[in-house]
Structure formats: structure tokens, C-alpha cells
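Tertiary structure, described
Listed below are the residues making up each chain.
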Amino acid sequence: MLSKFQIAVDKARMLFLGARKTQGSLSPFTQCSFSSSANMVEHQSSSSKVQALYELCKSTFSSSGLPPPSSAVVQKICSLLDSISPADVGMKEETSDDDRGHGIFGLQRLSRVAKWSQPITYTDVYECDSFTICIFCFPTSSVIPLHDHPGMTVFSKVLYGSLHVKAYDWVEPAVLSKNKDERLAKFAVDKVLTAPCGTSVLYPNAGGNLHCFTALTPCAVLDILTPTYNEQAGRKCTYYHDYPDSTLSASGAEVKDGGTDEYAWLSEIETPEDLYMRPGQYTGPAIRE
């Protein structure tokens, strides 16, 4: 039988499933730090924001994802997320440099190696069948590979740091390559998000439903996913490798509404072995159900 820790690690590597079941403190090498105390006024303010976010999600989202959130609901959630700071979810920004360029010998080198080997930390804030609220903490240069969110809407708020986002949407109707193993997608997003910035939203068929995150600095992202990943309901997280325009040009596919630099073939891959994630412990204001 697998240990609770191993079960949690396996679930974290598949992104969003049940990491809250593992308890324990974070490693001192984790790039996101959780504050252990705050004054009463700050705690009440933070609690009201997290509670309001939970209540808005609870009253709006369904386990089927239908109906999809209206533009008014999207605007309300984005407005609330835009007001949330790291302190509001029990975190403090990691301001120290990650040792890149600070010497290559002795303890400095060992420290740098240790930091570069850090995993991405996944922290579950709240999860039910209808939605998940969670936090990802990234060390510099860490990557969540290209993956999808089938039938889901996702809100992403960068709490601190800088994050590069590359994202695609499927071309509809579906266009397959000659070998049938690749499907055509169109670039939707290619940009850097640096806190403070507005909340990003992706939808089931638009806004970059398939995306890849690369941390340019230590950073943290607060996510809301609705509905949750559920393989039995057809919402399995799938990873992809992208083959941009040169492969597209050689395929002989007909593209009518844009140049080949706007497209890429996506090929499904197994969960990457080097996707190194571990569960964190949420220490922000408790949610009252």
C-alpha cells in the first residue's frame, strides 16, 4: 500500500487532484512561504476575501460545468481575485534571489544546486465536485508542461513574480495530420504575466484552453478551476508536445484564415516524468462551509 505522502505526490503530479489529503510542513527550500501570524484586522480582511470567493463560486458553479459562467459572473470573480494579495491566502512573497549568478564554489554552489532542484508546490485551498481553488508556487525556470482543461473554465491570478504563458485553442472542426496522431491548434496566448496584473481566464473553447507555464522568477498563481478534473466525466488532464509552423507547412494541411506561424500541431504525450510537484499545506484563512 502506498504511503499517504506517495499518494499525494502522485496526485499532485497529475496537477489538481486531492493534494490536501497530505499534511505536513513545507520544505525550507520551497519558493513560496506561508506566514504563521497576522494581526486581527488583517486576518479578518483576508478571511472576508477568501470567504467571499468561496461563496461566489459555491453559488455559481455546477459539477457539470453547465451552464457556463456568464460574463457578469466572470467579471465578479476576476474583480475579487484582482483584489487578493499573497497575505490574503496566508503567504508572503519570496523576495530573495535564487542564487543565479552569485558564485559557483563551496556552499554558494551547493545552495544554488539545491534551489534549482526545487519542485513546484501545489496547495489545495478548497475542492468539491464543482470547483477547485488552489495555489501553485514555482521556483525560477520551473515548468508546467502544455496541458488541457476539457470542458472547463479556469481563472488564474499571479500573486507575485513573473510567469510566461503559452497557450492554444483547438481548431474547429478538428483537423488531424496525415498520421492521425496530431491535431491542429491555433496560438491564443504568448505573453509574460508579472504581478500585479489582472486575472486571466480561459474557457472550454477559447482563451487558451491548452497552456504551458514557465516561471521567469519565483512566483505563485492562485487558480480556480470549474468544474474540477474528473476522468469519469471526460475531464482528464492530458499533456501535449507542440510542433509549430515548420511541421505544419510540411504536412500539407490547408489553413485559410491565417499564416502558418499562428498554428501548431499538438501530439498527446504521457505525463512527463520530470514534472516534479509536491503538496503544500494551506495556512490562510479557513473557509466556512
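For clarity, every value in this text was computed on a predicted model and none was experimentally measured. (Residues numbered from 1 in each chain as written. Predicted model: local features only at pLDDT ≥ 70, side-chain atom pairs only at ≥ 80, totals over all residues. Heavy atoms only, no water.)

**Some words on the side chain of Ser 177**
Within the secondary structure, Ser 177 sits in the loop between strand E7 (162–170) and strand E8 (182–194). Filtering out sequence-adjacent residues up to four positions away, Ser 177 remains in contact with Glu 182 and Trp 265. (Helix = DSSP H or I, 4+ residues; strand = E, 2+ residues; numbered from the N terminus. Contact = heavy atoms within 4.5 Å.)

**Observations regarding a negative patch on the surface**
Judged by side-chain charge, Glu 268, Glu 270, Glu 273 and Asp 274 come together as a negatively charged surface patch. Mapped onto the fold, Glu 268 is located in strand E13 (residues 263–269). (Patch = residues over 30% accessible without salt bridge, like charges linked within 9 Å, V, L, I, M, F, W, Y side chains within 5 Å. Areas by Shrake-Rupley, 256 points an atom, 1.4 Å probe, with all protein chains shown as cover. Salt bridge = Lys/Arg side-chain N within 4 Å of Asp/Glu carboxyl O. Lys, Arg positive; Asp, Glu negative; His and termini not counted. Charge placed at Lys NZ, Arg CZ, Asp CG, Glu CD.)

**Some points on the pairing of E7**
Across nine bridges, the pairing between E7 and E8 is antiparallel. Residue pairing for E8: Ala 167 is matched across the bridge by Val 189. Where E7 meets strand E10 (residues 210–215), six bridges bridge the pair, whose relative direction is antiparallel. Across the sheet, Val 165 pairs through a bridge with Phe 213, a residue of E10. (Pairing = 2+ DSSP bridges.)

**Quick word on the confidence of the model for the protein chain**
Confidence in the prediction of the protein chain, expressed as mean pLDDT, is 78, and 69% of residues score 70 or more. Throughout residues 33–44 the model reports pLDDT below 50, and contacts reaching past four residues in sequence, or to other chains, amount to 16 contacts. The low-confidence segment residues 256–260 (pLDDT under 50) makes seven contacts with residues lying over four places distant or belonging to another chain. (pLDDT = per-residue confidence, 0-100.)

**Comments concerning the pattern of salt bridges**
Oppositely charged side chains can pair when the atoms bearing their charge come close. The final tally for this structure, using the stated rule, is four salt bridges. The closest approach of N and O atoms between Asp 242 and Lys 166, which form a salt bridge, is 2.7 Å. Of the two residues, Asp 242 is situated in strand E12 (residues 239–243) and Lys 166 in strand E7; the sequence distance between them amounts to 76 residues. Lys 166 sits in the partly exposed class, given a relative accessible area of 23%. (Buried < 20%, exposed > 50% of the residue type's maximum accessible area, 1.4 Å probe, protein only.)

**Here's the deal with the nonpolar core**
One finds Ile 77, Phe 155, Leu 159 and Ile 224 to be the most contacted residues of the largest nonpolar core, which totals 31 residues. Secondary-structure elements contributing two or more residues to this core are helix H2 (40–60), helix H3 (71–82), strand E3 (120–127), strand E4 (132–138), strand E6 (153–160) and strand E11 (219–226). Take this core: its biggest share by element is six residues, from H3. Once residues lying within four places of it in the same chain are set aside, the contact partners of Ile 77 are Leu 53, Leu 56, Phe 61, Phe 155 and Ile 224. (Core = buried A, V, L, I, M, F, W, Y, C linked by side-chain atoms within 4.5 Å.)

**Let's talk about the packing of aromatic side chains**
One pass over the structure, following the stated rule, counts ten aromatic pairs. Relative to Phe 187, the ring of Tyr 168 lies with its centre 4.6 Å away and its plane at 35°, an arrangement referred to as tilted. With Tyr 168 in strand E7 and Phe 187 in strand E8, the pair connects residues that are 19 residues apart, well separated along the chain. In this structure an aromatic cluster arises from ring pairing among Tyr 54, Phe 61, Tyr 126, Phe 131 and Phe 155. (Phe/Tyr/Trp six-rings, centres within 6.5 Å; stacked < 30°, edge-to-face > 60°.)

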